[in-house]
Amino acid sequence: MHIDQLEKKWATISLGIAGLFVAIILISALFHGIHAPSNVETIDSARLHLSEEFAEDNLGPQRNPDGSITVRMVAGRYGFYPKTMTLPAETNLTFRWVSLDVIHGVHIPMTNMSTMIVPGYVAQIKTVLHHTGDYPLLCNEYCGMGHAHMWSNVKVVTKSDWDDMNKPAGVSHE
């Protein structure tokens, strides 16, 4: 089979450009620490209320022994639960999400926090919120007629303010 020299030249240029794009994406991902989610953990969405981790009393932020915070949230038509929460700035945060019903997306604008929440799986994201302020938590995956009303609020405060709000009764930092 004969391939014309001009066709060979353009095929080589096309493959070279495609290879260059792949190389740039891979190098950028490695340089910026971007990687695909690797936490594959399943859960029965129909029995979330019976699970210990995602029971209503366990939702929201909880301090870990190492000082980091784990935030457990549930997405369901048409809301995120809990609806509002306060988190400390400059603290390692682990968000753990589950869905009650359909695929949802979650995004906190002006941060690097964004993921999809698939029914039957636990979505886990680790991040640090650097700036104090109020942030909306939005659903970015169409989930039904009430999708536009699916939101929550995250208030980020300084670490010392968060510690003051969450210290046990009768304990002082002095």
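Just so it is clear, the structure is predicted and the values come from calculations on it, not from any experiment. (Residues numbered from 1 in each chain as written. Predicted model: local features only at pLDDT ≥ 70, side-chain atom pairs only at ≥ 80, totals over all residues. Heavy atoms only, no water.)

1. A word on helix H1 (residues 5-32)
- Here H1 spans 40 Å end to end across 28 residues, near enough to the 40 Å set by a 1.5 Å rise per residue.
- Counting buried positions along H1 yields zero of 28 residues, so the element is predominantly exposed.
- Taken from the residues just after H1, glycine 33 is the one with a positive phi, measuring 70 degrees. (Helix = DSSP H or I, 4+ residues; strand = E, 2+ residues; numbered from the N terminus. Expected span 1.5 Å × (residues − 1). Buried < 20%, exposed > 50% of the residue type's maximum accessible area, 1.4 Å probe, protein only.)

2. Let's talk about the domain arrangement of the protein
- By the assigned domains, the protein splits into domain 1 (1-34) and domain 2 (41-165).
- Centre-to-centre, using C-alpha coordinates, domain 1 lies 39 Å away from domain 2. (Domains from an automatic or database assignment.)

3. Side note on the sheet that holds strand S7 (residues 114-117)
- If you trace the five strands from one edge of the open sheet to the other, you get S4-S10-S9-S6-S7, paired in mixed fashion. Each having just a single partner strand, strand S4 (84-88) and S7 make up the two edges of the open sheet. Each neighbouring strand pair of the sheet contributes to a mean axis angle of 25 degrees, computed without reference to strand direction.
- The pairing of strand S6 (residues 104-107) with strand S9 (residues 133-139) spans two bridges and is classified as antiparallel. Each residue of the ladder has a partner; that of valine 106, found in S9, is cysteine 139. (Pairing = 2+ DSSP bridges. Axes fitted to C-alpha atoms, helices over the stretch in contact; angles between N-to-C directions.)

4. What about the environment of glycine 60?
- Following the sequence through the fold, glycine 60 ends up in strand S1 (residues 60-63).
- When neighbours within four sequence positions are excluded, glycine 60 is seen to be in contact with Thr70, Val71, Arg72 and Pro82. (Contact = heavy atoms within 4.5 Å.)

5. Things to note about a nonpolar patch on the surface
- A cluster of nonpolar side chains, namely Leu6, Trp10, Ile13, Ile17, Leu20, Phe21 and Ile24, defines an oily patch on the protein surface of about 710 Å² accessible area.
- Considering the arrangement of structural elements, one finds leucine 6 in helix H1.
- Of the residues examined, leucine 6 reaches a relative accessible area of 52% and is grouped as exposed. (Patch = residues over 30% accessible without salt bridge, like charges linked within 9 Å, V, L, I, M, F, W, Y side chains within 5 Å. Areas by Shrake-Rupley, 256 points an atom, 1.4 Å probe, with all protein chains shown as cover. Salt bridge = Lys/Arg side-chain N within 4 Å of Asp/Glu carboxyl O.)

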